[in-house]
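Here is what each chain is made of, one letter per residue.
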Amino acid sequence: MPSLKHVCVFCGSSMGAKPAYAQAAEALGRLLAQRGLGLVYGGGDVGLMGVLARAALAAGGEVTGVIPEALQKMEGVGHLELTNLHVVGSMHDRKALMAELSDAFIALPGGIGTLEELFEVWTWGQLGLHPKPLGFLDVDGYYDHLHAFLDHSQAQGFLRDRHRAMAAVESDPATLLARLDAYQPPAIVQIIARDTA
Ligand code: AMP
């Protein structure tokens, strides 16, 4: 059973169309802080990323940002007093460091950046490169269409049941955290992750 200490959250650099998205980002940031879990995120103060980080900081949480040098200005880095800020050389370095620093991964609603980030850690899990849990915090059915597509992918034989099952989908932050904490990677993933560590 994972013992979570640091949770990476990927989310939109925009606020999205509904207030419910920011409310969920705020609730998740606060919950992580209340549980004593460190937040690892993209480091900026834009969109849901800023809401999430501000909520975790306001609740006394530890917040670590990881940002490529070139994005610092665009994503409002420096507006927030983060606990730790890592300025890295590239998007690839960003994702690698976020993955290394984190014990679990959550996607809040977001755009293609958010999807790309969660799908990358999911595919690394599928390949057995890590045994860490991941999931979607689905707010107001934002991810319904994506999961309908993944049903299709599964039905068409491109996505295995055991790989689909690696990603939890919940609408309540506490339920999602409980599922991530209880995650047991498939035995094969545990073996590959151990042998490649
Ligand atoms: P979005 O969900 O598109 O609003 O983007 C959310 C976050 O993902 C922002 O911090 C973007 O800088 C980041 N992002 C976008 N594309 C990538 C990428 N290829 N690799 C890493 N981060 C990315």
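Reading guide: rules and limits
- In this convention, every chain numbers its residues from 1, walking through the sequence in written order.
- The predicted nature of this model means local features are confined to residues of pLDDT at least 70 and side-chain atom pairs, given and counted, to a pLDDT of 80 or more, with totals for whole chains, interfaces and linings taken over all residues.
- To obtain the side-chain values, all non-hydrogen atoms of the structure were included, while hydrogens and water were left out.
- In this scheme Phe, Tyr and Trp rings, the latter by its six-membered ring, pair at centre separations within 6.5 Å, and the angle between planes marks the pair as stacked below 30 degrees, edge-to-face above 60, and tilted otherwise.
- For each residue, the accessible area found with a 1.4 Å probe, counting protein chains only, is set against the maximum for its type, and the residue is called buried under 20%, exposed over 50%, and partly exposed in between.
- Helix and strand definitions follow DSSP, with helices as H or I runs of at least four residues and strands as E runs of at least two, each counted in order from the N terminus.
- What the arc measures is the spread of directions leading from the helix axis to the C-beta atoms.
- Throughout, a residue-residue contact means that at least one pair of heavy atoms, one from each residue, lies within 4.5 Å.
- We call a set of buried Ala, Val, Leu, Ile, Met, Phe, Trp, Tyr and Cys residues a nonpolar core when their side-chain atoms join them within 4.5 Å.
- Here a residue is considered near a molecule or strand provided that any single heavy atom belonging to it is located within 4 Å of it.
- Think of a polar contact as two N or O atoms within 3.5 Å of one another; within protein, one of them needs to be a possible hydrogen donor and the other a possible acceptor, and neighboring residues in sequence only count if both atoms come from side chains.
- Surface accessibility in these figures is a Shrake-Rupley result with a 1.4 Å probe; residues are shielded only by whichever protein chains are displayed.
- Only protein atoms enter the 1 Å grid, on which a cavity is a set of points fitting a 1.4 Å probe that cannot get out and a pocket is an open set with protein on both sides within 12 Å along at least 5 of 7 lines, lining residues being those with an atom within 4 Å of a point.
- In this description, a molecule resides in a pocket or cavity if more than half of its atoms sit within 2 Å of the grid points defining it.
- Polar here means any residue other than Ala, Val, Leu, Ile, Met, Phe, Trp, Tyr, Cys and Pro, which are nonpolar, and Asp, Glu, Lys and Arg, which are charged; Gly is therefore polar.
- Grid points are joined across faces, edges and corners, and a volume is the space filled by probe spheres set on the points.
- For two strands to count as paired, DSSP must find a minimum of two bridges between them.
- Here an angle of 0 to 180 degrees is reported between the N-to-C directions of two axes, which are lines fitted to C-alpha atoms, with helices fitted over the stretch in contact.

Engineer: Help me out: how do you make sense of the packing of aromatic side chains in this one?
Structural biologist: In the structure shown here, the tally under the stated rule is six aromatic pairs. When the ring of Phe-136 is compared with that of Tyr-143, the centres are 4.9 Å apart and the planes differ by 65°; the resulting orientation is edge-to-face. By the burial criterion, Phe-136 is buried, and Tyr-143 matches it. These aromatic residues form a ring-pair network of at least three members: Tyr-21, Phe-119, Trp-122, Phe-136, Tyr-142 and Tyr-143.

Engineer: What is the right way to look at helix 7 (residues 173-181) in this model?
Structural biologist: What sets the pattern is the α-helix's 3.6 residues per turn: residues three or four places apart point alike. Listing the buried residues of helix 7 in full gives Pro-173, Leu-176, Leu-177 and Leu-180. Buried residues of helix 7 fall within an arc of 100° about the axis and therefore sit on the same side. On the buried face of helix 7, the contacting elements are strand 1 (6-10), helix 1 (19-34), strand 5 (104-107), strand 6 (134-137) and strand 7 (167-170).

Engineer: Before we go on, may I ask you to explain the nonpolar core in this structure?
Structural biologist: Here is a general trend for soluble globular proteins: nonpolar side chains tend to be buried in one another's company. Ranked by size, the top nonpolar core spans 34 residues in total, and within it Val-9, Tyr-41, Leu-52, Ile-106 and Leu-108 carry the most contacts. Within the residue set of this core, elements represented by two or more residues are strand 1, helix 1, strand 2 (38-41), helix 2 (47-58), strand 5 and helix 7. With eight residues, the top contributor of residues to this core is helix 1. Setting aside chain neighbours within four positions, we find Ile-106 in contact with Val-7, Cys-8, Val-9, Phe-10, Leu-28, Leu-118, Gly-135, Leu-137, Leu-176, Leu-177 and Leu-180. In this structure, Val-40, Phe-136, Ala-167 and Tyr-183 belong to the second largest nonpolar core, which totals 23 residues.

Engineer: What should I look at first to understand the site of the ligand in this one?
Structural biologist: Contacts to the ligand come from 16 residues, most closely from Ser-13, Glu-75, Gly-111, Gly-113 and Thr-114. A distance of 3.5 Å separates a nitrogen atom of the ligand from a polar side-chain atom of Lys-95. Here an oxygen atom of the ligand and a backbone polar atom of Gly-111 are 2.8 Å apart. The fraction of the free accessible surface of the ligand (490 Å²) that becomes covered by protein chains is 81%. When atoms are counted within 2 Å of each cavity's grid points, the one that captures over half of the ligand is the largest pocket. Of all the secondary structure elements, the ones that give two or more residues to the shell around the ligand are helix 3 (91-101) and helix 4 (112-126). For the shell around the ligand, the per-class residue count stands at five nonpolar, six polar and five charged.

Engineer: How should empty space enclosed by the protein be read in this particular structure?
Structural biologist: Any empty space left between atoms is shown by rolling a water-sized probe over those atoms. A complete count under the given rule lists one cavity of 30 Å³ or more for this structure. Along the walls of the largest cavity sit Phe-10, Lys-95, Met-98, Ala-99, Phe-105, Glu-117 and Val-121, which together make up its complete lining. Mapped onto the lining of the largest cavity, the elements with two or more residues apiece are helix 3 and helix 4. Tallying contributions element by element places helix 3 first for the lining of the largest cavity, with three residues. Taken together, the residues of the lining of the largest cavity sort by class into five nonpolar, no polar and two charged.

Engineer: Honestly, the sheet that holds strand 5 in this entry has me stumped. Any pointers?
Structural biologist: Backbone-to-backbone hydrogen bonds pair the strands of a sheet. The strands run either parallel or antiparallel. In spatial order, the strands read 4-3-2-1-5-6-7; together these seven strands make up an open sheet with parallel pairing. If you trace the sheet from one side to the other, it starts and ends with strand 4 (84-88) and strand 7, each paired once. Along the sheet, successive strands turn relative to each other by an average axial angle of 20°, direction set aside. The sheet contact formed by strand 3 (residues 63-68) and strand 4 spans five bridges and is parallel.

Engineer: Would you explain the layout of surface pockets in this entry?
Structural biologist: Counted as a void, the largest pocket has a volume near 480 Å³. Residue lining of the largest pocket: 31 residues in total, with Cys-11, Gly-12, Ser-13, Gly-113 and Thr-114 positioned closest to the centre. If you tally residues by element for the lining of the largest pocket, the top one is helix 4, at five residues. Residues that form the lining of the largest pocket fall into these classes: 17 nonpolar, nine polar and five charged.

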